[in-house]
Amino acid sequence: MSIYAVKFGGTSLADAGQFRKVRSIIEANPARRFIVVSAPGKRRDGDIKVTDMLEDCLSLALSGGDFETLLEKVKRRYTEIADDLGVNMDFDSEFNIIATCLTAMPHRDYTLSRGEYLSAKLMAAYLGRPFVDPAKCVCFDENGALDEDETQALMEKTLAPLDGAVIAGFYGKNPDGSIKTFSRGGSDVTGALVARAVSADLYENWTDVSGLMDADPRIVPSAKCVESVSYRELRILSYMGASVLHTDAVKPVSQRGIPINIKNTNRPEDAGTLIVPELPREHRRLSVTGVAGRKGLSVLQVEKSMVSDGAGFTAVLLDVFKRHRVPFEQCLTGIDTITIVIRGELLRPRQDDIIRDIARELDPDTLKIIDHLSMITVVGENAADSADVSAKLIGAVQAGGIHISTINQGAGRLNLIIGVAENDYSRAIQLLHGAISEMA
Ligand code: ASP
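Keep in mind that what you see is a predicted model, and the values were worked out from it rather than measured.

Enquirer: What is the right way to read the overall build of the protein from this model?
Expert: In terms of regular secondary structure, the protein is built from 14 helices and 16 strands. Over its C-alpha atoms the protein spans a radius of gyration of 25 Å, differing by no more than 12% from the 22 Å that the globule rule assigns to 440 residues. Principal-axis analysis of the C-alpha atoms places the extent of the protein at approximately 75 × 55 × 40 Å. Out of the 440 residues belonging to the protein, those deemed buried represent 52%. Long-range contacts, defined here as pairs at least 24 residues apart, represent 74% of the contacts in the protein between residues at least 6 apart. Roughly 19800 Å² of accessible area belongs to the protein as shown, and the carbon and sulfur atoms make up 49% of that amount.

Okay, here's the thing in structure tokens:
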């Protein structure tokens, strides 16, 4: 029989009604055996997620303020859900422990992790499945990085004897046994680790949207859900700002070729987006998968005559950035010119020193910095003729009167990145999306 690892995000667990939807989704398919949960999220606009409330409790505890009143509100979120579902749980003792820790030794990761811990315990009691505490099987090393091998070994050992389980997302343990969380949204990563550990046939990630959109719907109201996307395309679109899954959630499943299905808890009948190693052949007619972008970028352009005849110029230039610990996003080389794209907020504090070092070490003919740029990417691994598609896309932006400052395109698969002024960002995305829709 198939095995699914199934992760539910915060809005899927926001109240008792959402817990009921989760149960009916799980009961609809016996393959849904390993369930990973987030902490209860927002019930409506303006509501506060449990994790954010816990973070506020921590700040109050650290500043000697009254955290008890807020912690009591967090407790009420859980007791209301439990009472409505008819689940009997001793939240008094759980919250007494949290309050004692906040008083004696406030610890960020421990405090924030309690949202997922209690959510998973409650879901386990509601579903009648065993609860698994990831503090036993998700391991971080002394540098705070996930210990992949140890986690895989311990998780396999913990989950293999179980027919099914509910596992808390978002946290694990340090080598000394203390709690450590992933970055925010990290339950997606736990879900991927569980999928890998149980060799799942599918990793379902249930959220409140019916999949990855082919553009930001706040900019393009007619944006549509993408049917399927390759891991590589997702990586590029997420890097450029499309947010549907934690970026670290792809690696554990892509290593094993496990597909991910983004699904909507509020519309389980929707197919959602399937994230796969390679796009299926029948989708080859779809030339473009989506468009996404990032603002707040700066471009540093260095020009030096005859530079392409010499060796090592680019290496010296990049070494300046390395020494100043400023990562770059893209490096475009032309004849006698090199263009480096950097996040403005990272460049600005080091800008004067970097310019001084480049001037001293490379003696360029010109050196200029352009700020307030944005980069927009269009991906489509199945674009039959990516050069032709790129030409149409670039043409559409230019026809809209927008100046394109950089163009970067890898060979083969469509992965076009264009740079435009931040002021033109939304309009350029709309023009690109319009051109994509015409081509589909
Ligand atoms: N509850 C955590 C957060 O709000 C982790 C998660 O939901 O994945 O970031």
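On we go.
Enquirer: Just checking my understanding: could you explain the packing of aromatic side chains for this structure?
Expert: Within the structure shown, the criterion is met by 7 aromatic pairs. Seen in terms of ring centroids, Y78 and F91 are 5.9 Å apart; in terms of plane orientation they differ by 35°. Their pairing is tilted. Here Y78, found in helix 3 (residues 68–85), pairs with F91, found in helix 4 (residues 91–104); they are 13 residues apart in sequence, far enough to count as distant. For the residue pair Y78 and F91, the accessibility class agrees, reading buried in each case. The rings of Y78, F91 and F95 are connected pair by pair, giving a single aromatic cluster. It is R114 that lies over the ring of Y117; its NZ or CZ is 4.2 Å from the centre.

Enquirer: It is not clear to me how the nonpolar core should be interpreted in this structure. Could you clarify?
Expert: If you look at soluble globular proteins, the nonpolar side chains tend to sit buried side by side. Counting 50 residues, the largest nonpolar core has F8, L71, Y78, L122 and M123 as its most contacted members. Considering each element in turn, this core owes the most residues, 9 residues, to helix 5 (residues 108–127). With near-sequence residues (within four places) excluded, F8 lies in contact with L13, V22, I25, I26, I35, V36, V37, S38, W206 and T265. Judged by nonpolar contacts, the second largest core, of 49 residues, contains A165, L212, I260 and L297.

Enquirer: I tried to follow helix 7 (residues 187–197) on my own but got confused; where do I start?
Expert: Most of helix 7 is tucked away: 11 of the 11 residues are buried. For helix 7, the full list of buried residues reads S187, D188, V189, T190, G191, A192, L193, V194, A195, R196 and A197. The positive-phi residue at the C-terminal boundary of helix 7 is S199, with phi of around 50°.

Enquirer: Would you mind going over the pattern of salt bridges with me for this structure?
Expert: Side chains that differ in sign of charge can pair as their charged atoms come close. Following the criterion strictly, the structure yields 29 salt bridges and no others. As a salt-bridge pair, D47 and R43 come within 2.7 Å of each other at their nearest N and O atoms. Between E148 and R196 there is a salt bridge, with its nearest N and O atoms 2.9 Å apart. Placement of the pair is E148 in helix 6 (residues 148–159) and R196 in helix 7, with a sequence separation of 48 residues. The class for E148 is partly exposed, based on a relative accessible area of 23%. Within the structure, one salt-bridge network assembled from shared partners comprises D319, R323, R350, D353, R356, D357, R360 and E361.

Enquirer: Honestly, unusual backbone geometry in this entry has me stumped. Any pointers?
Expert: A negative phi holds for most residues other than glycine; trans holds for most peptide bonds. For F170, which is not glycine, the phi torsion reads 85° and is therefore positive. Although it is not a glycine, S199 sits at a positive phi angle of roughly 50°. Topologically, S199 is positioned in the loop between helix 7 and strand 7 (202–207).

Enquirer: Help me understand the site of the ligand in this model?
Expert: What surrounds the ligand is the set S38, K49, T51, E116, F170, R184, G185, G186 and S187. At a separation of 2.7 Å, a nitrogen atom of the ligand approaches a polar side-chain atom of T51. With respect to the ligand, the backbone of G185 contributes an N or O atom lying 2.8 Å from an oxygen atom.

Enquirer: What's the story with helix 13 (residues 386–399) in this structure? I'm lost.
Expert: Each turn of an α-helix holds 3.6 residues, which means side chains three or four residues apart point in the same direction. If you check helix 13, its first and last C-alpha atoms are 20 Å apart, about what 14 residues at 1.5 Å a residue would give, namely 20 Å. Burial in helix 13 covers these residues: S386, V389, S390, L393, I394, A396 and V397. The buried residues of helix 13 occupy one face: seen down the axis, they fall within an arc of 155°. Facing away from the buried surface of helix 13 by more than 90 degrees, the exposed residues are A387 and A399. Buried positions along helix 13 lie against strand 14 (366–380), strand 15 (406–409), strand 16 (414–421) and helix 14 (425–439). G401, located one to two residues past helix 13, shows a positive phi value of around 80°.

Enquirer: Honestly, the sheet that holds strand 16 in this entry has me stumped. Any pointers?
Expert: Paired through their backbone hydrogen bonds, the strands of a sheet run either parallel or antiparallel. Read across the sheet, 6 strands follow the order 12-13-11-14-16-15 without closing on themselves; strand pairing throughout is antiparallel. Two strands bound the open sheet, and with one partner strand each, they are strand 12 (330–333) and strand 15. Adjacent strand axes in the sheet meet at a mean angle of 30° when their direction is disregarded. Pairing of strand 11 (residues 290–303) with strand 14, which is carried by 11 bridges, proceeds in the antiparallel orientation. Residue pairing in the sheet places R294 in a bridge with M375 of strand 14. Each of strand 11, strand 14 and strand 16 touches helix 8 (residues 231–239); the most contacted strand, strand 14, lies at about 140° to it. Sheet contacts for helix 13: strand 14, strand 15 and strand 16; angle to strand 16, the most-contacted strand, approximately 20°.

Reading the values: the criteria
- Residues numbered from 1 in each chain as written.
- Predicted model: local features only at pLDDT ≥ 70, side-chain atom pairs only at ≥ 80, totals over all residues.
- Heavy atoms only, no water.
- Helix = DSSP H or I, 4+ residues; strand = E, 2+ residues; numbered from the N terminus.
- Rg over C-alpha atoms; globule rule 2.2 N^0.38 Å.
- Buried < 20%, exposed > 50% of the residue type's maximum accessible area, 1.4 Å probe, protein only.
- Contact = heavy atoms within 4.5 Å.
- Areas by Shrake-Rupley, 256 points an atom, 1.4 Å probe, with all protein chains shown as cover.
- Phe/Tyr/Trp six-rings, centres within 6.5 Å; stacked < 30°, edge-to-face > 60°.
- Lys NZ or Arg CZ within 6 Å of the ring centre and 35° of its normal.
- Core = buried A, V, L, I, M, F, W, Y, C linked by side-chain atoms within 4.5 Å.
- Salt bridge = Lys/Arg side-chain N within 4 Å of Asp/Glu carboxyl O.
- Near = heavy atom within 4 Å.
- Polar contact = N/O pair within 3.5 Å; in protein donor to acceptor, adjacent residues only side chain to side chain.
- Expected span 1.5 Å × (residues − 1).
- Arc of directions from axis to C-beta.
- Pairing = 2+ DSSP bridges.
- Axes fitted to C-alpha atoms, helices over the stretch in contact; angles between N-to-C directions.

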